Amino acid sequence: MLNIDLHSHSTVSDGLLSPEELVHRAASRGVRALALTDHDDVGGLSLAKQAAVRSGVDIVNGVEISVSWCSQTLHIVGLRIDPEYPPLLRGLEVIRRGRAKRAQEIAAELEKSGIRDSLAGASRYAGNPNLIGRAHFARFLVELGLAKDVKSVFKKFLRQGKPGHVEHRWAALPEAVDWIRKSGGIAVIAHPGRYPISAAQMRQLLVEFKELGGAALEVVTGSHTAEEYAIFARYSKEFELFASVGSDYHGSGESHRDIGQLPELPEGCQPVWKQWSDLTTEMSASADS
Ligand code: AMP
Ligand code: MN
Ligand code: MN
Ligand code: MN
């Protein structure tokens, strides 16, 4: 079985390992192809590629773009993107600037609950000064003793109706899909089971996403249950979307699944890497040797 992991994070966004450490971990776990998909930044890809030389791991150029769609936040993964495509880089830069502004607003909200200096506190956990997110705030809140771990933080803070929540507008779905496609990449809806939307809205999303040229759906991800694998396998078949597999690894203790430790796609799914003949040929050749 090919060990492929098409969703992971490094310190360039909110992962705990540097791109190099991530690649070494993937190699030690027998991963053959790894997509580094940092939130709204592609700055880790060249480091990951360098670290992967002679490691046996193929790095797939990836990104995870934050999108607002019908008052929901969605994550759209781009795979095999061109990390130098100017419209993509400009778009991501705009999102990162929005994150910086949102971080100030989050800190102001937390201040109202008596939590002081959280912007400075969160920034200490941000490996990339240009990319700040809720996970960095969450780590600071754990440091303050306000929750036992990052997961528990998100039960009490930083989400709708809780201290530290702010509304935010991310990229629009059509532009995110466009940046990915026009840079030569494949747009994938990340962890579809995590969006609090009805089945009717999910169908609407899949229709729109297809019309825009989106091509794949994460079926097996670290944040899906076995039941969700089956649900999204059915959607991928019905809507003729390729199926993707990714751990969404952020670091040990902060992720459901370790890198490269995922079950196979359910029967009948079309794997997104099926059309990547260079990758699959190379992998089957080395599997034979
Ligand atoms: P942001 O893009 O800044 O809004 O932050 C989203 C990130 O926060 C996700 O990619 C996760 O890393 C983290 N996150 C969100 N919800 C949770 C949760 N319930 N448990 C653990 N991490 C979470
Ligand atoms: Mn994250
Ligand atoms: Mn995500
Ligand atoms: Mn992710």
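Structure shown above.
Just so we're clear, the structure is a prediction, and the values are computed from it rather than from any experiment. (Residues numbered from 1 in each chain as written. Chains lettered and ligands numbered in written order. Predicted model: local features only at pLDDT ≥ 70, side-chain atom pairs only at ≥ 80, totals over all residues. Heavy atoms only, no water.)

## Overview of the packing of helix α1 (residues 19–28) against helix α2 (residues 45–52)
Basically, it comes down to this: All axes here are fitted lines through C-alpha atoms, helices being fitted over the stretch that makes contact, and every angle between N-to-C directions spans 0 to 180 degrees. Secondary structure counts use DSSP, requiring at least four H or I residues in a row for a helix and at least two E residues in a row for a strand, with both numbered from the N terminus. Any angle from 65 to 115 degrees is called roughly perpendicular, while one under 35 is roughly parallel, one over 145 is roughly antiparallel, and all others are oblique. The crossing is said to be left-handed when, going from far helix to near helix, the turn is anticlockwise and less than a right angle, and right-handed when the turn is clockwise. Residue contacts are defined here by distance: any two heavy atoms, one from each residue, within 4.5 Å place the two residues in contact.
Here α1 crosses α2 at 45 degrees, and the two axes come no closer than 8 Å. With respect to each other, α1 and α2 are oriented oblique. By crossing handedness, the relation of α1 to α2 is classed as right-handed. Two secondary-structure elements touch here, α1 through Pro19, Glu20, Val23 and His24 and α2 through Leu47, Ala48, Ala51 and Ala52.

## Quick notes on the side chain of Ser68
Our working rule: Each residue's exposure class comes from its accessible area (1.4 Å probe, protein chains only) as a fraction of the maximum for that residue type: buried when under 20%, exposed when over 50%, partly exposed otherwise. Polar contact is defined as a pair of N or O atoms within 3.5 Å, subject to the rule that within protein one atom must be able to donate a hydrogen and the other to accept it, and that residues adjacent in sequence are counted only when both atoms are side-chain atoms.
With respect to the helices, strands and loops of the structure, Ser68 is situated in strand β3 (residues 58–69). Given a relative accessible area of 11%, Ser68 falls into the buried group. A polar contact of 2.8 Å, which involves the side chain of Ser68, links it to the backbone nitrogen of Trp170. Those residues in contact with Ser68, other than ones at most four positions away along the chain, are His168, Arg169, Trp170, Ala171, Ala172 and Leu173.

## What about the pattern of salt bridges?
The following threshold applies: A pairing counts as a salt bridge when a side-chain nitrogen of Lys or Arg comes within 4 Å of a carboxyl oxygen of Asp or Glu.
Taken as a whole and assessed by the stated rule, the structure comprises 13 salt bridges. Taking the shortest distance from any N to any O, the salt bridge between Arg124 and Glu143 comes out at 3.1 Å. Here Arg124 is found in the loop between α4 (118–123) and α5 (134–143), whereas its partner Glu143 is found in helix α5, with 19 residues between them in sequence. Relative accessible area serves as the criterion here: at 56%, Arg124 is assigned to the exposed category. Residue Glu143 is classed as partly exposed on the basis of its relative accessible area of 39%. The salt bridge involving Glu254 is made with Arg139; its shortest N-O contact spans 2.9 Å. Of this pair, Glu254 sits in the loop between β8 (242–246) and α10 (277–288) while Arg139 sits in helix α5, placing them 115 residues apart in sequence.

## Here's the deal with the coordination of the manganese ion (ligand 4)
The line we're drawing: Water is absent from the atoms considered, so a metal site may look incomplete; donors are defined as N, O and S atoms within 2.8 Å of the metal, or 3.2 Å for Na, K and Ca.
Surrounding the manganese ion (ligand 4) are the protein donor atoms His7 (NE2), His9 (NE2), Glu64 (OE) and Asp248 (OD), which sit 2.1 to 2.2 Å from the metal. As a motif over one chain, the donors of the manganese ion (ligand 4) read H-x1-H-x54-E-x183-D. The metal-metal distance between the manganese ion (ligand 4) and the manganese ion (ligand 2) comes to 4.8 Å. Linking His7 in the loop between β1 (4–5) and α1 with Glu64 in strand β3, this pair joins segments that are 57 residues apart in sequence. Exposure class is identical for His7 and Glu64. Each is buried.

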